[in-house]
Amino acid sequence: MTDWSLIVRQHGPIVWRTAWRLLNNDADASDCFQHAFISALELERKETIRNWPALLKRLATARALESFRQRNRESNRRTTLAEMSVIDRKETGPVAAAEANELGGHLREALAGLDDRQAQIFCLSCLDGLSYQEIAEQLDITVNHVGVLLNRARAALRERLRAFEPSPAVEQITQEFES
Amino acid sequence: MTDRNERTPEESLARAVIALRDLSIPDGPPAQLTASTVEALQSAMTRPGIHRPTERKQKMFRLFRYSGTAAAVVLIATLAGWLFVTDHSTAFAFGDVVENVKKAETVTFVIKSTPKVRFPKVMRQKIYIQGDSYRQEIPSGQEGDETPAGTPPLLMTVVSDVKKKEALIIDYTAKTAAKYDGDEEEWKRMSETMTDPVKQLRELKDQDAERLGEEKLDGRKTVVYRLKNADFFANWIDLKYETAKLWVDSKTALPVRFAVGDPANKDKPFIVFEQFSWNEALPPTLFRLEVPKGFTLKNE
C-alpha cells in the first residue's frame, strides 16, 4: 500500500515550488498542490509509478497552466498585493528586481497562450529541469518528439515575448526616469 | 545591463526563463496543507467503494481549506468593535451587535460554500465554538448527494482547542482518529488566518460600511449591512476584496447570516454563514479531544 504521508512530505516541496512559480500566490498554489496529488492517486491505482518527482512535476505543471489560463479568462481579475510583492531577490537593486518580476510575468502570460503540450514540455525542461528522457516517459512520446515540441515552444515564446517589449519611446522615458 | 531594445529574442526568452526559474518562492507547502492533503488521501485509500470518490475527495480538500474561514467569521463579529456604524432607524447601533457578540459564550452556525464553477454543488459543514474550543462537522451527505445505505451521518469531524494547541481529526467511515501534528509555525499560521480579517476590520472606516436596510429572513426582521472592499480573507486570494453582507436580527441584535462573495459570479467562491445559534448550552462531549470508542488512533 502506498505511503501517501511519506510521498506528500517527501515530494510536497517540489510540487509546491512548481505550482507557486507558475501561479504566484498561495491559494492557487494550494489548489494546484491538492489536485496534483489527487491525480497522482488516481494514476497510482492504474499503474506503478517509477518516477514520483517527474510525475508530480508534470501533474502540477499541467494543473498550474490550466489554472493560470482560467485566471486569465476572468475579465475582472485584479492584481493582488501578493503578486505585486513577488520580487526576485537574487536580482540586485529594485529596478533589476522589478524587471525580473515583469519578465517572469510576461513568460507566464506567454506560456498560457501556448499549445498545452508545448507549454508543459517547456516548463518541465526549462523550469523544472527534467531531462528529455524523463519528459518523454511522462508524456508517453519519443525523445525526438520532445525536442521538436520544445523547439516549437521556444520559437512561439520568443515571438510572444516580443509583444511585451516596450516601444523605443517608452524605453527612453524609463531610462530617463531610472537615471 | 543590456538595453532592452538591443536584446535578441533568444536573450529575452533566456532572461525571462531565469527570472521565473530563480523566483523567490515562499517556503512550503504549509504544514496545514500537507496535513489535510495526507489526511484526505489516506481517507480516500481506505474507502474505495465510496460514492463518487474523486468528487468527494475534492470536496473534502475544499472543506478543510475553508475551515479557517469558518473560524474567521466569528472573530470578525467578536472583535469588530472598531467598526461603529450608527443605525438611526433601529433600536440598536452596530456597536451593540458587537457587544452582544463579545458577551456570547457559545455559537454554532452552518457554512455553505460554492467554491468554484467546477464544484457546482453546495458544500455544507457545521461549526461549534465555545471559548477556545472548536468543532467542525462535515456531514456525509452534501447537498444533492445521495449516500450509500449504511453511511454514517458524519463523514469527518475536527475537534480542536486553540489554547492547548491540540486537535483531533475523526474519520467516521474508516473509524479512525488522528491527532493533528501541526508544529508551532502551523499554529501560528492558523492564528494569523483568523486574526487577519480582524486587522482589516480595524482599518475600516465608517464609509466602508453601509446600511442597506431591513429584510425579512426566514420570517424574522433583520438589518442588513454591506462591508465594502474589505480584505477579510487575506489568506484566501479567491475572496480578496469581495463584498461581505451581514444580517443582524432586529430583536436580539445578533448576527444571523453573513455572506462573502457574489453569488452571480460562478467563477469565484460564494460562502454563506447561517443558522446562527448564540448562547446555546453545548454538551461538553462535543469538544472532547478523545478517540471515540471503537475507533483506532492512527498516530499515538
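Residues numbered from 1 in each chain as written. Chains lettered and ligands numbered in written order. Predicted model: local features only at pLDDT ≥ 70, side-chain atom pairs only at ≥ 80, totals over all residues. Heavy atoms only, no water.

### Considering the overall build of chain B
When you go through chain B residue by residue, the secondary structure sums to six helices and 12 strands. Residues counted as buried form 54% of the 300 residues belonging to chain B. In chain B, once contacts between residues fewer than 6 apart in sequence are set aside, the share between residues at least 24 apart is 55%. (Helix = DSSP H or I, 4+ residues; strand = E, 2+ residues; numbered from the N terminus. Buried < 20%, exposed > 50% of the residue type's maximum accessible area, 1.4 Å probe, protein only. Contact = heavy atoms within 4.5 Å.)

### Quick word on the overall build of chain A
Across its full length, chain A holds nine helices and zero strands. Ordered by position from the N terminus, the helices and strands of chain A form the series α-α-α-α-α-α-α-α-α. For chain A, buried positions account for 54% of its 179 residues. Pairs at least 24 apart in sequence give 65% of the contacts found in chain A among residues at least 6 apart. Surface summary for chain A: the accessible area is close to 8600 Å², and the carbon and sulfur share equals 50%. (Areas by Shrake-Rupley, 256 points an atom, 1.4 Å probe, with all protein chains shown as cover.)

### A word on unusual backbone geometry
All names here are of chain B. For the bond running from Gly 28 to Pro 29, omega is 5°, close enough to zero to count as cis. Structurally, Pro 29 is set in the loop between helix H1 (9-21) and helix H2 (31-46). Despite not being glycine, Asp 218 has its phi angle at roughly 50°, a positive value. Looking at the secondary structure, you find Asp 218 in the loop between strand S7 (209-217) and strand S8 (220-227). The backbone of Ala 253 sits at a positive phi, close to 55°, despite the residue not being glycine. With respect to the helices, strands and loops of the structure, Ala 253 is situated in the loop between strand S9 (244-249) and strand S10 (255-260).

### Notes on the packing of helix H8 (residues 143-162) of chain A against H1(B)
Think of two packed helices as two axes; the pair is described by the angle between the axes and how far apart they sit. At their nearest, the axes of H8(A) and H1(B) sit 9 Å apart, and the two run at 95° to each other. Here H8(A) lies roughly perpendicular to H1(B), going by the angle between them. When H8(A) is examined against H1(B), the residues A:Arg154, A:Leu157, A:Arg158, A:Leu161 and A:Arg162 are found in contact with a partner set consisting of B:Pro9, B:Glu10, B:Ser12, B:Leu13 and B:Ala16. Looking at the contact of H8(A) with H1(B) residue by residue, the class counts come to five nonpolar, one polar and four charged. (Axes fitted to C-alpha atoms, helices over the stretch in contact; angles between N-to-C directions. Parallel < 35°, antiparallel > 145°, perpendicular 65-115°, else oblique. Nonpolar A, V, L, I, M, F, W, Y, C, P; charged D, E, K, R; others polar.)

### Quick look at the nonpolar core
By size, the foremost hydrophobic cluster in this structure holds 62 residues, and its most contacted members are A:Phe37, A:Leu107, A:Leu111 and A:Phe122. With near-sequence residues (within four places) excluded, A:Leu107 lies in contact with A:Phe122, A:Leu157, A:Leu161, B:Leu13, B:Ala16, B:Val17 and B:Leu20. Of all hydrophobic cores here, the second largest spans 23 residues; its members include B:Val97, B:Ala104, B:Ile127 and B:Leu254. (Core = buried A, V, L, I, M, F, W, Y, C linked by side-chain atoms within 4.5 Å.)

### Considerations on the pairing of strand S11 (residues 270-278) of chain B
Each regular strand carries side chains that alternate between the two faces of the sheet. All names here are of chain B. By the criterion of burial, S11 is predominantly enclosed, with seven of the nine residues buried. Bridging between S10 and S11 involves three bridges; their strand directions are antiparallel. Paired with Phe 258 across the bridge in S11 is Phe 273. (Pairing = 2+ DSSP bridges.)

### Concerning the pairing of strand S5 (residues 166-171) of chain B
Residue and element names in this part refer to chain B. The buried fraction of S5 amounts to five of the six residues, a majority that puts the element mostly inside the structure. Looking at chain direction, strand S4 (residues 154-161) and S5 are connected through six bridges and run antiparallel. When the bridges of S5 are listed, Val 159 appears paired with Leu 168. When S5 meets strand S6 (residues 176-179), the two strands line up antiparallel, connected through four bridges. Looking across to S6, one finds that Asp 171 is bridged to Thr 176.

### Details of the packing of aromatic side chains
Residues and elements named next belong to chain B. Summed over all chains, the structure comprises seven aromatic pairs over all chains. The rings of Phe 109, Phe 258, Phe 273, Phe 276 and Trp 278 are connected pair by pair, giving a single aromatic cluster. Between the NZ or CZ atom of Arg 257 and the centre of the ring of Trp 247, over which it lies, the distance is 4.7 Å. (Phe/Tyr/Trp six-rings, centres within 6.5 Å; stacked < 30°, edge-to-face > 60°. Lys NZ or Arg CZ within 6 Å of the ring centre and 35° of its normal.)

### Here's the deal with the confidence of the model for chain A
Low-pLDDT stretches of the model should not have their predicted coordinates read in fine detail. All names here are of chain A. Averaged over all residues, the pLDDT of chain A equals 79, while 78% of them reach at least 70. Per-residue pLDDT, averaged within each element of chain A, yields its smallest value for helix H4 (residues 81-84) (30) and its largest for helix H6 (residues 116-127) (93). In this model, residues 75-92 is a region of pLDDT below 50 whose contacts with residues beyond four sequence positions or in other chains number 32 contacts. (pLDDT = per-residue confidence, 0-100.)

### Side note on the environment of A:Trp16
Its place among the elements puts A:Trp16 in helix H1 (residues 4-23). Placed 13 residues apart in sequence, A:Trp16 and A:Ala29 show a C-alpha to C-alpha distance of 6.6 Å. Once you skip the residues sitting within four places of it in the chain, A:Trp16 turns out to touch A:Asp26, A:Ala29, A:Ser30, A:Phe33, B:Ile25, B:Pro26, B:Asp27, B:Gly28, B:Pro29, B:Pro30 and B:Leu33.

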